[in-house]
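# What the coordinates show
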Amino acid sequence: LPARFPNLLVNGSGGIAVGMATNIPPHNLGEVIDGCFAYMDDPGITSEQLHEIIPGPDFPTGGVICGRSGIRRGYHTGRSTVVIRARAKIEEHKNRYRIVVSEVPYQQFRDRVIERIAALVNDDRIKGISGIRDESNLEDPVRLVIDLKRDADPDGVLNQLYQFSPLQDTFS
């Protein structure tokens, strides 16, 4: 393409046409450029060899990609689904547990995540949460703190959050 770098891969793209939709996830600029140089050096490079240079998407909001098979299948066939989870850790604070979320899945917003979790707690779909607050600031751009009740199982609550809330999402 007549461009200095493959803008479509680096920035990602999404669109809907008649009967089909496409989503291209964003990728790391340095890895994509290295992949371009590898392709120019050897036009017969296999997708496996390119996969070693460009291991997967680089989502700007962070998150954790669950498994590699979705990425590999997407690179080979052009169609796949990747599961992205928020980066969360369980902390003990004043004889109680809390879940601290430091990264959210791609294209999810902190406010929407908080609203959805609050709705799930109010509807009794998730039990064991006593409060949720946004402690994000300039040092920590994403910091959601979910306080748990004394008798709550933190791993169980975290799994329920992944299952029912936008803390786990799929990218097709």
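Anyway, here's the lowdown on the structure attached to this text. Note on numbering: residues in each chain are counted from 1, in written sequence order. Under the rules for a predicted model, residues below a pLDDT of 70 receive no local features and side-chain atom pairs below 80 are neither given nor counted, while totals for whole chains, interfaces and linings still include all residues. Where side-chain values are given, they derive from all heavy atoms of the structure, hydrogens and water being excluded.

## Focus on the overall build of the protein
Note the cut-off: By the criteria applied, helices consist of DSSP H or I runs no shorter than four residues and strands consist of E runs no shorter than two, each listed in order from the N terminus. Two residues form a contact once any of their heavy atoms are found within 4.5 Å. Under the counting rule used here, the positive set is Lys and Arg, the negative set is Asp and Glu, and His together with the chain ends is not counted. Taken as the charge location is NZ of Lys, CZ of Arg, CG of Asp or CD of Glu.
Scanning the protein from N- to C-terminus turns up 6 helices and 9 strands. Projected onto its principal axes, the C-alpha positions of the protein cover 60 × 40 × 30 Å. In the protein, of all internal contacts separated by at least 6 residues, the share reaching a separation of at least 24 is 53%. Charge separation in the protein, taken as the distance between the mean sites of 20 positive and 23 negative side-chain charges, equals 6 Å.

## Digging into the side chain of R98
Here R98 lies in strand 6 (residues 96-103). Setting aside its immediate chain neighbours within four residues, R98 contacts K89, I90, E91, H93, R133, R143, V145, I146, D147 and L148.

## Thoughts on the sheet that holds strand 7 (residues 129-134)
Where we set the bar: In short, DSSP must find at least two bridges between two strands for them to pair. Geometry is summarised by axes, namely lines fitted to C-alpha atoms with helices restricted to the contacting stretch, and by angles between N-to-C directions that run from 0 to 180 degrees.
Judged by pairing direction, the sheet is antiparallel, and its 4 strands sit side by side in the order 5-6-8-7 without closing on themselves. Both outer strands of the open sheet, strand 5 (87-93) and strand 7, are each paired with one neighbouring strand and no more. Averaged over all adjacent pairs, the angle separating strand axes in this sheet is 20°, with direction ignored. Examined bridge by bridge, strand 7 and strand 8 (residues 144-148) share 5 bridges and lie antiparallel to one another. Bridge assignment links I132 to a residue of strand 8, and that residue is I146. Along the sheet, helix 5 (residues 110-122) makes contact with strand 7 and strand 8, crossing strand 7 at roughly 165°.

## Topic: the packing of aromatic side chains
Selection rule: Note on ring pairs: Phe, Tyr and Trp rings are taken, using the six-membered ring of Trp, and paired if centres are within 6.5 Å. Classes follow the plane angle, with under 30 degrees stacked, over 60 edge-to-face and the rest tilted. For each residue, the accessible area found with a 1.4 Å probe, counting protein chains only, is set against the maximum for its type, and the residue is called buried under 20%, exposed over 50%, and partly exposed in between. Two conditions define a charge located above a ring, namely a distance within 6 Å from the ring centre to NZ of Lys or CZ of Arg, and an angle within 35 degrees of the ring normal.
Under the defined criterion, the tally for this structure stands at 3 aromatic pairs. For the pair F59 and Y106, a centre-to-centre distance of 5.1 Å together with 35° between the ring planes defines the contact as tilted. Within this pair, whereas F59 is found in the loop between helix 3 (47-53) and strand 3 (64-66), its partner Y106 is found in the loop between strand 6 and helix 5, the two being separated by 47 residues in sequence. Overall, the relative accessible area of 7% leaves F59 in the buried class. Taken together, the ring pairs in this structure connect F59, Y106 and F171 into an aromatic cluster. The ring of Y162 has R85 lying over it, and the distance from NZ or CZ to the ring centre is 4.2 Å.

## Points about the pairing of strand 5
Summarising the sheet, strand 5 and strand 6 pair through 7 bridges and their orientation is antiparallel. Across the sheet, E92 pairs through a bridge with Y97, a residue of strand 6. Taking the residues that link successive antiparallel strands as the turn, the strand 5-strand 6 hairpin has 2 residues, and the phi of K94 there is positive, at about 55°.

## Points about the sheet that holds strand 4 (residues 82-85)
Working definition: the strands of a sheet are paired by backbone hydrogen bonds and lie parallel or antiparallel to each other. The strand order across the open sheet built from 3 strands is 3-4-9, with neighbouring strands paired in antiparallel fashion. Strand pairing shows two members of the sheet lacking a second neighbour, strand 3 and strand 9 (168-171), which therefore form its edges. On average, each strand axis in the sheet is inclined to that of its neighbour by 35°, with strand direction left out of account. Pairing of strand 4 with strand 9 involves 4 bridges; the strand directions are antiparallel. In the sheet register, V82 faces strand 9, and the bridge partner there is F171.

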